[in-house]
Amino acid sequence: MDLVLRPGTANDAAECGRICFEAFAGIAREHGFPSDIPSPEVGVALIEAALTNPGFYSVVAELDGRIVGSNFLDERSPTVGVGPITIDPAVQNRGVGRRLMQDVMDRTTERGAPGIRLLQSGYHNRSFSLYVSLGFVFRETVACMQGPAILREIPGHTVREAVDADLHACNELCRRVHGVDRGGEVADALKQGTARVVERERRVTGYATDVAFFAHAVAETTPDLQALIASAPTFGGPGFLVPASNSLLLRWCLASGLSVVQLFSLMSIGLYNEPEGAYLPSILY
């Protein structure tokens, strides 16, 4: 194949977005699951957001001058997250995905990032095999939860909109739980007005950039996370992600009327600390 990799530009959004929709829809349909990307418009908006955000690295694959895939690297925080990676269904299983993955891994090495992470659809055996062959290590099974908003308070926990002055406390909390912060993502969420914090005894004990597919949350305890989830008016996208090892939180979500949509595998290369607290990953990590 005469495959060429190049940086993505905003002009690539329409074609890469179309491929993103068709790739996700095709694989999901093949396995009998709902697609994470429900329409071409959502695919284009997702890709456009990544292409125009300076915190993301992008790479586009062209075959004989035609775009056939793309991949992204979220570089807003010290640990980087991969995705979305999508390949035109017409050229899948021909090595394009491996080339796109190797490109972002090389980028990570060049930047000296301590670790790289991704979440992989549990039903997609081929991508799981690809990531393992590239050196990724399985870390956790993650359940995607969706359903009606819970809209209740957890006694002793106060949830409020986050403000710029909370950034330091959020970063310190994330470093205590994960060993690294995700300050770039928190800063973006503050600008977008989606970030929330939970307090106990007037102290920040948890935060969420949102309770959604592309958002994450970190907290000292599971009840802190429950307060953040219970206050959310909706769960954006296909749902939010709960580590299956947190049985208490998973059972509480089910008892609160939520359902498991699908399972993902959290995988990593490089630095990975076992979390010293409660957390919700985003679909990127």
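Since this is a predicted model, take the numbers as computed values, not measurements.

Q: Is there a simple way to think about the sheet that holds strand β10 (residues 203-208) in this case?
A: Pairing between the strands of a sheet is mediated by backbone hydrogen bonds and can be parallel or antiparallel. As summarised here, the arrangement of the five strands in space is β8-β9-β10-β11-β14, forming an open sheet in which the pairing is antiparallel. Both outer strands of the open sheet, β8 (158-161) and β14 (278-280), are each paired with one neighbouring strand and no more. Between one strand and the next, the sheet's axes are offset by a mean angle of 25°, whatever the strand orientation. As paired elements, β8 and strand β9 (residues 196-200) share four bridges and run antiparallel to each other. Looking across to β9, one finds that threonine 158 is bridged to glutamate 199.

Q: Can you walk me through the packing of helix α7 (residues 222-231) against helix α8 (residues 247-255) in this structure?
A: Any two packed helices are characterised by the angle at which their axes cross and by the distance between the axes. Between α7 and α8, the shortest axis-to-axis distance is 10 Å and the interhelical angle comes to 30°. As far as their axial angle goes, α8 and α7 are roughly parallel. Considering only the axes of α7 and α8, their crossing is right-handed. Two secondary-structure elements touch here, α7 through Thr222, Leu225, Gln226, Ile229 and Ala230 and α8 through Leu248, Leu249 and Trp252.

Q: What is the right way to read the packing of helix α5 (residues 167-178) against helix α6 (residues 183-192) from this model?
A: Remark: α5 packs on α6, axes separated minimally by 10 Å, with the N-to-C direction vectors making an angle of 145°. Like other packed secondary-structure pairs, α5 and α6 cross with a definite hand, here right-handed. Counting all contacts with α5, which are made through Leu167, Cys170 and Asn171, the residues of α6 involved are Gly183, Val186, Ala187 and Leu190. Looking at side-chain class alone, the contact of α5 with α6 contains five nonpolar, two polar and no charged residues.

Q: Could you clarify how one ought to interpret the layout of surface pockets in this entry?
A: Empty space among the atoms becomes visible once a probe the size of a water molecule is rolled across them. The calculated volume of the largest pocket comes to roughly 770 Å³. Lining the largest pocket are 36 residues, with Ile27, Ile85, His124, Ser127 and Tyr131 sitting closest to its centre. Contributions of two or more residues to the lining of the largest pocket are made by α1 (13-31), β5 (86-87), α3 (96-111), β6 (115-121) and α4 (125-133). Partitioned by chemical class, the residues of the lining of the largest pocket number 22 nonpolar, 10 polar and four charged. There is about 620 Å³ of room inside the second largest pocket. Forming the walls of the second largest pocket are 29 residues, and the residues nearest its centre are Leu46, Arg76, Gln192, Phe214 and Ala215.

Q: I keep staring at the packing of aromatic side chains and nothing clicks. Help me out?
A: How two aromatic rings sit relative to each other is set out by the distance from centre to centre and by the angle between their planes. The full count for this structure, using the stated rule, is five aromatic pairs. Ring plane angle 20° and centroid distance 4.5 Å describe the contact between phenylalanine 33 and tyrosine 123, whose orientation is recorded as stacked. Of the two residues, phenylalanine 33 sits in the loop between α1 and α2 (40-52) while tyrosine 123 sits in the loop between β6 and α4, which places them 90 residues apart along the sequence. The partly exposed category is assigned to phenylalanine 33, whose relative accessible area is 31%. Given a relative accessible area of 13%, tyrosine 123 falls into the buried group.

Q: Which parts of the structure should I look at to understand α7?
A: Quick reminder: α-helices carry 3.6 residues per turn. Residues three or four places apart thus point the same way. Burial analysis of α7 places eight of its 10 residues in the buried class, which makes it a mostly covered element. Listing the buried residues of α7 in full gives Thr222, Asp224, Leu225, Gln226, Ala227, Leu228, Ile229 and Ala230.

Q: Could you clarify how one ought to interpret a nonpolar patch on the surface in this entry?
A: On the surface, Leu254, Val260 and Leu263 cluster together into a nonpolar patch covering about 250 Å² of accessible area. Note on placement: leucine 254 falls in helix α8.

Q: Which parts of the structure should I look at to understand the environment of glycine 206?
A: Note on placement: glycine 206 falls in strand β10. The class of glycine 206 is buried, set by a relative accessible area of 0%. Spatially, the C-alpha atoms of glycine 206 and alanine 278 are 8.9 Å apart, while their sequence positions differ by 72 residues. Beyond its immediate stretch of four places on either side in the chain, glycine 206 contacts Leu173, Arg196, Val197, Val198, Val218, Ala219 and Leu228.

The rules behind each value
- Residues numbered from 1 in each chain as written.
- Predicted model: local features only at pLDDT ≥ 70, side-chain atom pairs only at ≥ 80, totals over all residues.
- Heavy atoms only, no water.
- Pairing = 2+ DSSP bridges.
- Helix = DSSP H or I, 4+ residues; strand = E, 2+ residues; numbered from the N terminus.
- Axes fitted to C-alpha atoms, helices over the stretch in contact; angles between N-to-C directions.
- Parallel < 35°, antiparallel > 145°, perpendicular 65-115°, else oblique.
- Left-handed = near helix turned anticlockwise from the far one by under 90°.
- Contact = heavy atoms within 4.5 Å.
- Nonpolar A, V, L, I, M, F, W, Y, C, P; charged D, E, K, R; others polar.
- 1 Å grid on protein atoms, 1.4 Å probe; cavity = no way out; pocket = protein on both sides within 12 Å on 5 of 7 lines; lining within 4 Å.
- Points joined across faces, edges and corners; volume = space filled by probe spheres on them.
- Phe/Tyr/Trp six-rings, centres within 6.5 Å; stacked < 30°, edge-to-face > 60°.
- Buried < 20%, exposed > 50% of the residue type's maximum accessible area, 1.4 Å probe, protein only.
- Patch = residues over 30% accessible without salt bridge, like charges linked within 9 Å, V, L, I, M, F, W, Y side chains within 5 Å.
- Areas by Shrake-Rupley, 256 points an atom, 1.4 Å probe, with all protein chains shown as cover.
- Salt bridge = Lys/Arg side-chain N within 4 Å of Asp/Glu carboxyl O.

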